[in-house]
Amino acid sequence: MHNKIMLSIALGLSGIAVLGIIGFVGSLLIMMRMEQPLFYIFCFVAMLMLIEIYVVLSVFHTITTHPLFKRLLLGGSALCLFTAGAYKIYSIYDDSLIAVNTQDVDLSAYTPFTENNRLATLSQPSTYQLQSNDLLPQLDGATALYPVYAAFAQAVYPQKLYDAYSGEVISRGTGSAYQHLIDGDVDMIFAAAPSTGQLQAAENSSIQLYLTPIGQEAFVFFVNTDNPVNNLTSEQVKQIYSGQITNWKQVGGNNETIAAFQRAEDSGSQAMLRRWMGDRQIMEPIQQRIATGMGGIMERVDNYHNYKNAIGYSFHYFATVMSPESHIKLLAIDSVYPDEQQIASGNYPLIAPFYAVTASYKYTGQLENERAHAAQSEITSDKPSDEIISVDPSDINSSSDGALQLPPFPKLRSSNPYLEPLLRWILSSQGQQLIRQTGYFPLHSQTQSVH
């Protein structure tokens with residue numbers, strides 16, 4: 001009898017050890033593969049504890065054979081499985097509410113020279129053409145601007161396959177594009193003005209960014225279509241994102257807490273929000289806890305979820321053309337709704353240029369001294385202007401043939417001889433026509449009617 005009890009205890013302890021190893025390995029796998037690992041780890045550990053209790057109590061035959069014990073064991077296991085399943089269903093539903101997200105955009109629809117792509121085209125051959133034996137400028141940029149510079153490539157570059165993720169015409173997104181420009185991996189990027197972090201990265205590499213405005217775009221805010229609020233003042237939006245206004249009832253809406261979503265720090269729209277907010281401290285963004293590849297946990301800015309109490313922001317073209325969502329609506333700002341007419345006329349208050357960005361090594365020269373003072377206030381409100389040289393749109397004048405003329409260039413880091421001619425072509429009437437036909441807004445008012 002004594003030996004039988006000792007054997008049972010040994011088997012029980014061995015079972016606990018095995019379950020401990022299973023628990024450790026299983027927890028690591030959950031952390032590596034699940035988007036919300038802590039919850040699933042809790043359910044997994046609870047299941048293991050129930051099994052361990054059964055293993056330990058198996059020594060006592062009278063307990064394990066009792067009907068109530070089996071019912072409790074099965075009930076606890078079923079509860080854990082039901083809870084995990086219900087949470088997974090909720091997570092799927094919650095993910096279905098993600099809207100206006102770059103991950104939802106299929107860039108293959110905008111790949112140059114592919115059949116039935118969605119790129120704007122010229123009615124006449126381009127006045128500037130590159131040949132297959134020319135050194136093609138390497139282009140990168142924001143996801144939202146890929147349709148614009150892919151259309152440039154289709155008009156100017158030799159016909160061949162240009163993959164959106166590798167080759168001469170790619171789109172890594174704003175943050176990565178700036179970093180690759182600073183690292184010298186690309187010749188020119190297309191993006192909104194850089195963030196403070198991107199300017200600091202350029203400074204650390206002794207790189208000066210040269211920003212040439214090539215078009216304009218509206219910065220828009222949106223909410224769920226069921227939200228009764230249709231208009232906010234600029235001040236109200238700033239108070240929402242600084243945490244001073246926290247309930248929709250304060251701006252004429254329902255009595256619900258405002259879920260103010262933000263974008264990743266290196267995104268163009270987040271940089272735009274920070275410049276527009278000026279010196280106001282932006283509230284902490286809504287975070288999502290995710291698993292990293294090595295079993296760790298990190299927090300990232302959560303994607304916009306189209307809850308009934310949510311508010312988010314993006315650029316007009318991306319929100320209405322590239323990633324449209326039928327259950328969101330754009331808000332009027334200061335009683336001006338961001339439709340094409342109000343944006344083209346300049347009546348909508350949140351309009352900013354987007355840029356072709358090139359790089360040069362920092363050095364002191366007459367050109368830099370002349371250009372540094374012209375950096376626009378919306379770019380440099382949070383950083384001294386010696387990090388960038390920005391062409392003032394008022395310095396880009398129309399010639400007799402309608403082409404926009406650039407001031408003198410600084411000495412660019414890229415040695416590609418076709419880079420500057422390409423940029424000058426972008427400012428020609430043909431380049432501006434492609435910007436207009438894509439759905440963005442050219443620089444000068446006489447070219448701003450959108451079809």
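To start, this report covers the structure provided alongside it. Predicted, not measured: the structure shown is a model, and the values here were computed from it.

Here is what the cut-offs are and how they apply
- Residues numbered from 1 in each chain as written.
- Predicted model: local features only at pLDDT ≥ 70, side-chain atom pairs only at ≥ 80, totals over all residues.
- Heavy atoms only, no water.
- Core = buried A, V, L, I, M, F, W, Y, C linked by side-chain atoms within 4.5 Å.
- Buried < 20%, exposed > 50% of the residue type's maximum accessible area, 1.4 Å probe, protein only.
- Helix = DSSP H or I, 4+ residues; strand = E, 2+ residues; numbered from the N terminus.
- Contact = heavy atoms within 4.5 Å.
- Phe/Tyr/Trp six-rings, centres within 6.5 Å; stacked < 30°, edge-to-face > 60°.
- Arc of directions from axis to C-beta.
- Axes fitted to C-alpha atoms, helices over the stretch in contact; angles between N-to-C directions.
- Parallel < 35°, antiparallel > 145°, perpendicular 65-115°, else oblique.
- Left-handed = near helix turned anticlockwise from the far one by under 90°.
- Nonpolar A, V, L, I, M, F, W, Y, C, P; charged D, E, K, R; others polar.

### Section: the nonpolar core
Argument step 1. Counting 45 residues, the largest nonpolar core has F152, Y157, F190, I214 and W425 as the members making the most contacts within it.
Argument step 2. Counting only elements with at least two residues in this core, the list comes to α5 (146–156), β2 (188–191), α10 (316–322), β11 (351–361), α14 (419–426) and α15 (429–438).
Argument step 3. Of the residues forming this core, the biggest block, 9 residues, is contributed by α5.
Argument step 4. What Y157 contacts, discounting residues up to four positions off in sequence, is F113, L130, L136, P137, L139, F152, Y162, E168, V169 and L422.
Argument step 5. Of all hydrophobic cores here, the second largest spans 41 residues; its members include V223, I245, M272 and A352.

### What to know about the packing of aromatic side chains
Argument step 1. If you walk through the whole model with that rule in mind, you get 16 aromatic pairs.
Argument step 2. Where F152 meets F190, the ring centres are 6.0 Å apart and the plane angle is 55 degrees; that geometry is what we call tilted. Residue F152 is located in helix α5, and its partner F190 is located in strand β2; the two are separated by 38 residues in the primary sequence. The pair formed by F152 and F190 is uniform in burial state, with each residue classed as buried.
Argument step 3. Ring geometry for F152 versus W425: centroids 5.9 Å apart, planes at 90 degrees, classification edge-to-face.

### A few points about helix α7 (residues 196–204)
Argument step 1. Residues Q198, L199, A201 and A202 constitute the buried set of α7. End-on, the buried residues of α7 take up no more than an arc of 155 degrees, which puts them together on one face.
Argument step 2. Where α7 terminates, the next one or two residues include S206, which has phi positive at roughly 55 degrees.

### Let's talk about the packing of α5 against α15
Argument step 1. Relative to each other, α5 and α15 sit at 135 degrees, their axes nearing to 9 Å. Here α5 lies oblique to α15, going by the angle between them. The handedness of the crossing between α5 and α15 comes out as right-handed. Of α15, the residues touching α5 (which contributes P147, V148, A151, F152 and A155) are G431, L434, I435 and T438.
Argument step 2. Here the contact of α5 with α15 is composed, by residue class, of 7 nonpolar, 2 polar and no charged.

### Focus: helix α6 (residues 174–183)
For an α-helix, the turn length of 3.6 residues means that residues three or four places apart are oriented alike.
Argument step 1. What α6 keeps buried is the set T174, G175, A177, Y178, L181 and I182. Buried residues of α6, seen end-on, are gathered within an arc of 165 degrees and therefore sit on one face of the element.
Argument step 2. Buried residues along α6 sit in contact with β1 (139–141), β2, α7, β3 (207–224), α9 (268–277) and β11.
Argument step 3. Downstream of α6 by one or two residues, G184 has phi in the positive range, about 85 degrees.

So far we have only geometry, and geometry alone does not tell us how the molecule works.
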